[in-house]
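In case you want the letters, here they are:
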Amino acid sequence: MEDGNNNLQNQQINVELSEEVSEGIYSNLAMIAHSNSEFVIDFIRLMPGVPKAKVKSRIIMTPDHAKRLLAALKDNIAKYEQSFGKIQGGMEGPNFPMNFGGGFGEA
């Protein structure tokens, strides 16, 4: 008898990527909020000297998928650093008032 995880690993998923989406969206700030049932990540483009930042994309996911994303990011950052060296910084960011963006966390 096969378990559910094994079935998922043996299935092929055909992922379609449109030309528009493949160009990507530049973001240099992410604001994260959550409820008991979902995580909301707003990807924002913050430009120097411009007082208004625009949300360029919003991703909504379940807590389970958010945790999987965290694990995937950790794994990919480790692989990146093995190939290209340690990423310097990454922890400093813009200093916002506490109420900026409606109380979202910052990443």
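Residues numbered from 1 in each chain as written. Predicted model: local features only at pLDDT ≥ 70, side-chain atom pairs only at ≥ 80, totals over all residues. Heavy atoms only, no water.

### Points about the overall build of the chain
Helix and strand counts for the chain stand at three helices and four strands. Scanning the chain from its N terminus toward the C terminus, one meets helices and strands in the order α-α-β-β-β-α-β. Taking all 107 residues of the chain together, the buried fraction comes to 9%. The long-range fraction of contacts in the chain, counting pairs at least 24 apart against all pairs at least 6 apart in sequence, stands at 33%. (Helix = DSSP H or I, 4+ residues; strand = E, 2+ residues; numbered from the N terminus. Buried < 20%, exposed > 50% of the residue type's maximum accessible area, 1.4 Å probe, protein only. Contact = heavy atoms within 4.5 Å.)

### Quick notes on the pairing of strand E2 (residues 39-45)
Here six bridges tie strand E1 (residues 29-34) to E2, and the two strands are oriented antiparallel to one another. Considered in E2, the bridge of Ile 32 is made with Ile 41. Where E1 folds back onto E2 in an antiparallel hairpin, the turn is made up of four residues. Sheet analysis places E2 next to strand E3 (residues 54-61), joined by seven bridges and oriented antiparallel. The residue bridging Val 40 from the neighbouring strand is Ile 60, located in E3. (Pairing = 2+ DSSP bridges.)

### Details of the side chain of Asp 42
Relative to the helices and strands, Asp 42 resides in strand E2. Note on Asp 42: relative accessible area 4%, which makes it buried. A distance of 2.6 Å separates polar atoms of two side chains, one belonging to Asp 42 and the other to Arg 58. (Polar contact = N/O pair within 3.5 Å; in protein donor to acceptor, adjacent residues only side chain to side chain.)

### Side note on a nonpolar patch on the surface
A contiguous nonpolar surface patch, about 570 Å² in accessible area, is contributed by Leu 69, Leu 73, Ile 77, Tyr 80, Phe 84 and Ile 87. With respect to the element layout, Ile 87 can be found in the loop between helix H3 (63-84) and strand E4 (105-106). (Patch = residues over 30% accessible without salt bridge, like charges linked within 9 Å, V, L, I, M, F, W, Y side chains within 5 Å. Areas by Shrake-Rupley, 256 points an atom, 1.4 Å probe, with all protein chains shown as cover. Salt bridge = Lys/Arg side-chain N within 4 Å of Asp/Glu carboxyl O.)

### Remarks on H3
Between its terminal C-alpha atoms H3 stretches 31 Å, which fits the 32 Å expected from 22 residues at 1.5 Å a residue. Following H3 by one or two positions, Gly 85 has its phi on the positive side, about 100 degrees. (Expected span 1.5 Å × (residues − 1).)

### Remarks on the pattern of salt bridges
Under the defined criterion, the tally for this structure stands at three salt bridges. With its nearest N and O atoms 2.6 Å apart, the salt bridge here joins Arg 58 to Asp 42. In this pair, Arg 58 sits in strand E3 while Asp 42 sits in strand E2, placing the two residues 16 residues apart along the sequence. Linking Asp 75 and Lys 79 is a salt bridge whose minimum nitrogen-to-oxygen distance equals 3.0 Å.

### Focus: the confidence of the model for the chain
The predicted coordinates should not be examined in detail at positions where pLDDT is low. When pLDDT is averaged along the chain, the result is 84, and 75% of the positions lie at 70 or above. Low pLDDT, under 50, characterises residues 97-104; the predicted model gives this stretch seven contacts beyond four residues in sequence or across chains. (pLDDT = per-residue confidence, 0-100.)

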